[in-house]
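Residue-level structural notes
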Amino acid sequence: MRSKWRVVACATVTLGLLAGACGGSDSDSSSPEEGTTDTREATTGGSATIVQPVDAQSLDPNAVINSPSQGSTPLQALYDSLYTVDQETGDFQPRIATAFERSEDCLTWTMTLRDDVTFTDGTAYDAEAVLAEWTRSKENIRSSGYSPLTYFVDTMAAVDPTTFQVNLKLPHCYFHEVAPWANLVWIPSPTAVAAEGDNYTNAPVGAGPFMLESRTPGSETTLTRNPDYWQEGLPKLDTLEITTVPDPQQASDTLTTGGADASVSVQDLYAQQAEDAGATLVDTNQIGGSNLLINSKRPPFDDIRAREAIYLAIDMEQINQTVAGGTAEVPTSLFPEGTPFFNPDVQFPGPDPVEAQRLLDELAAEGTPVAFTIVNAGGDSNTQSIAIQTQLSAYDNLEVEVAQIDGASYGTTLYGGEFDVAIYGVGGQTPDPVIQSMNTGWAIPIASMDSAEVDALLAQEREATTFEDRKAALDELTQAIADLYRFKWRNVNHAWAAMNPDVAGLVNYGQGTSLLENFGRVG
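Chains are numbered independently. Their residues run from 1 in the order of the written sequence. Residues qualify for local features only when their pLDDT is at least 70, as the model is predicted, and side-chain atom pairs are given and counted only at 80 or more; totals for whole chains, interfaces and linings, by contrast, use all residues. Excluded from the side-chain calculation are hydrogens and water; included are all heavy atoms of the structure.

Quick word on the overall build of the protein chain
Applicable threshold: Secondary structure counts use DSSP, requiring at least four H or I residues in a row for a helix and at least two E residues in a row for a strand, with both numbered from the N terminus. Restricting the calculation to C-alpha atoms gives the radius of gyration, and the globule rule supplies 2.2 Å times the number of residues raised to the power 0.38. Under the scheme applied here, a residue whose accessible area is under 20% of the maximum for its type counts as buried, over 50% as exposed, and between as partly exposed, the area being computed with a 1.4 Å probe on protein chains only. Here, residues are in contact when the closest pair of their heavy atoms is within 4.5 Å. Here the open area of atoms and residues is found with the Shrake-Rupley method and a 1.4 Å probe, where only the protein chains shown may cover a residue.
When helices and strands are tallied, the protein chain shows 14 helices and 24 strands. In terms of overall size, the protein chain behaves like a compact globule, its C-alpha atoms giving a radius of gyration of 23 Å where 523 residues would be expected to give roughly 24 Å. In terms of overall dimensions, the protein chain has C-alpha extents of about 70 × 55 × 40 Å along its principal axes. By the burial criterion, 60% of the 523 residues in the protein chain qualify as buried. Put simply, 72% of the contacts in the protein chain that link residues at least 6 apart link residues at least 24 apart. Carbon and sulfur atoms form 48% of the exposed surface of the protein chain, whose accessible area is close to 18,800 Å².

Structural notes on the pairing of strand β8 (residues 153–160)
For the record, the criterion: Strands are labelled as partners when DSSP assigns at least two bridges between them.
Here six bridges tie β8 to strand β9 (residues 163–168), and the two strands are oriented antiparallel to one another. Bridging from a neighbouring strand, Val 153 pairs with Leu 168 of β9. Connecting the antiparallel pair β8 and β9 is a turn made up of two residues.

Observations concerning the pattern of salt bridges
Counted only if it meets this: Salt bridge, as used here, is a side-chain nitrogen of Lys or Arg placed within 4 Å of a carboxyl oxygen of Asp or Glu.
Within this structure, the stated rule accounts for 21 salt bridges. In this structure, Arg 298 engages Glu 418 in a salt bridge whose closest nitrogen and oxygen atoms are separated by 3.4 Å. You can see Arg 298 sitting in the loop between β15 (289–294) and α8 (304–313) and its partner Glu 418 sitting in the loop between α12 (407–415) and β18 (421–426), a full 120 residues away along the chain. For Arg 298, a relative accessible area of 26% translates into the label partly exposed.

Comments concerning the sheet that holds strand β11 (residues 220–225)
Short version of the rule: Angles here are taken between N-to-C directions and fall from 0 to 180 degrees, while the axes themselves are lines fitted to C-alpha atoms, restricted in helices to the stretch in contact.
Strand order in the open sheet made by the seven strands is β10-β11-β12-β3-β13-β20-β14, with mixed pairing throughout. The open sheet has two edge strands with one neighbour each: β10 (210–216) and β14 (280–282). Between one strand axis and the next, the sheet turns by 20° as a mean value, whatever way the strands run. Bridge count for β11 against strand β12 (residues 239–244) is five bridges, and the pairing is antiparallel.

Describing the state of the cysteines
So the rule is basically this: Any two cysteine sulfur atoms lying within 2.5 Å of each other are counted as a disulfide.
Scanning the model with the defined rule gives one disulfide in all. Between Cys 106 and Cys 173 runs a disulfide, and the two sulfur atoms are separated by 2.1 Å. Disulfide Cys 106-Cys 173: torsion about the S-S bond near 100°, hence right-handed. Here Cys 173 lies in the loop between β9 and α4 (178–181) and Cys 106 lies in the loop between β6 (97–102) and β7 (108–113), a separation of 67 residues in the sequence. Take Cys 106 and Cys 173: they sit in the same class, and that class is buried.

Remarks on the packing of helix α9 (residues 316–324) against helix α11 (residues 380–392)
Two quantities define a packed helix pair, namely the angle between the helix axes and the distance between the axes. Applied cut-off: Orientation categories follow fixed angle ranges, with anything under 35 degrees roughly parallel, anything over 145 roughly antiparallel, 65 to 115 roughly perpendicular, and all other angles oblique. In this scheme the crossing of two helices becomes right-handed for a clockwise turn of the near helix relative to the far one and left-handed for an anticlockwise turn of less than a right angle. Amino acids outside the nonpolar list (Ala, Val, Leu, Ile, Met, Phe, Trp, Tyr, Cys, Pro) and the charged list (Asp, Glu, Lys, Arg) are all regarded as polar, and Gly is one of them.
Running from N to C, α9 and α11 point in directions that differ by 125°, and their axes come no closer than 10 Å. Our classification of the angle between α9 and α11 gives oblique. The handedness of the crossing between α9 and α11 is right-handed. Across the interface between the two elements, Met 316, Gln 318, Ile 319 and Val 323 from α9 touch Asp 380, Thr 383, Gln 384, Ala 387, Ile 388 and Gln 391 from α11. Considering only residue class, the contact of α9 with α11 consists of five nonpolar, four polar and one charged.

As for unusual backbone geometry
Between Leu 234 and Pro 235 the backbone carries a cis peptide bond, its omega angle lying at 5°. Relative to the elements of secondary structure, Pro 235 occurs in the loop between β11 and β12. The step from Pro 299 to Pro 300 runs through a cis peptide bond, and the omega angle for that step is 0°. Turning to its location among the elements, Pro 300 is positioned in the loop between β15 and α8. With a phi angle near 60°, Asp 80 is a residue other than glycine that sits in the positive phi range. Following the sequence through the fold, Asp 80 ends up in the loop between α1 (73–79) and β4 (83–85). In the Ramachandran plot, Tyr 485 falls in the positive-phi region, its phi being about 55° despite a non-glycine side chain. Tracing the backbone shows Tyr 485 in the loop between α14 (467–484) and β19 (487–491).

Structural notes on helix α6 (residues 248–256)
Listing the buried residues of α6 in full gives Pro 248, Gln 249, Ala 251, Ser 252, Thr 254 and Leu 255. Residues of α6 that are buried in the fold lie against β3 (47–52), β13 (262–266), α7 (268–276) and β20 (496–499). Directly beyond the C-terminal end of α6, a positive phi value near 90° is found at Gly 258.

In short, shape yes, function no, at least from these values alone.
Below, the structure is given as structure tokens:
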């Protein structure tokens, strides 16, 4: 087998359903415990520093994925959230929006807003502001809200200052799960957006707990307390510093030596290091996880036998031991244990090297031996890709190459379908919109299954009006996805946040973004 790969600078991938983490892993035999609820309360005043792995490419919410691995922390500070969704129940949790209710046929959703919130420039935070931002997102293909809005939404309207209405093309009884996963909970001042134009990222205006004081892109962001924040007595801090440290070991060292008070988007190995040093961990128990996305739209994987062969050949538990010392959690189902939709009877198939070799030999005998390239954006993803390549070198009639490419090119590669196998990610607290991205006709069809069976099950899921019916549909969907061999799951995405003992108050939502208004110093 030939082995080829290119080593370039670590890059971060920015896609509607993918957040590529940079940095490698060291060997360790233990795993972090499940994040606990921190009951300590921070005092008012003072400053604190959060370290993040990636800085946001912009402070315009229309250009940033709502994930800490993509730099969401300063945007959460500036804009707050319209609402969140309960991780255990999926129920709407009010914030600036006090309700988001569906019609009986699940075709109309009506949002009610508080009437006492203003942006820091004095503009009213009303239904017109929400409409303006959701419209911008629907028109911007690089927005994480673009695909779900394009696929599901027919019309949107500001009925009155406190009422925002969304009319759907298709029934979706869980449409409220979309916004906290995407950038749609971050609403900027429409006045500032219109006035600043392309300069808006340098002069952002929100209604969040903090306001921008200064920023050095890619390095540091300093934010100060919003004195007119809508939650009385908050935020706790006078000043919030956010620093960017791409290398995960350096970020871990920064936290454990006191150079920062908290860290977000922490990988499993470094979460363990933080916990060992006395930090409190905050978990976001997400569905799906990081995976190998196998492209079924071109050879060799347009033949399901080739997909099945690779799926059965790779032993991810062995890769976990090799790359991460066993600290990662390899998914056994679309819904991990501890989430409401977990079903121990619906599991992904494990490795089967004998059957994998049989399929590879069969394809080679027909004149179509399997050869493919794994593409990735560097760091831990490249380390895992090379480990997989090494593991697969034990098989006959199989040729694997690894290509590491920069983030911008990576996005273009995946958007255009110009790949064999790619390091990818599917995650979030709730099933939607993550699983709905598997629909045929999804605006950015990277994860589309192109399967009538999957499409029907996705419709069944989003139209179910009871938990039991929805879970039954998701059980069938998990099995259907497994049978197509499009994803080979690598690890569960926990999106850990870690806090040193002298701070408290971080709470995660969505893809792991931390609510910041209650974050502050203890004692």
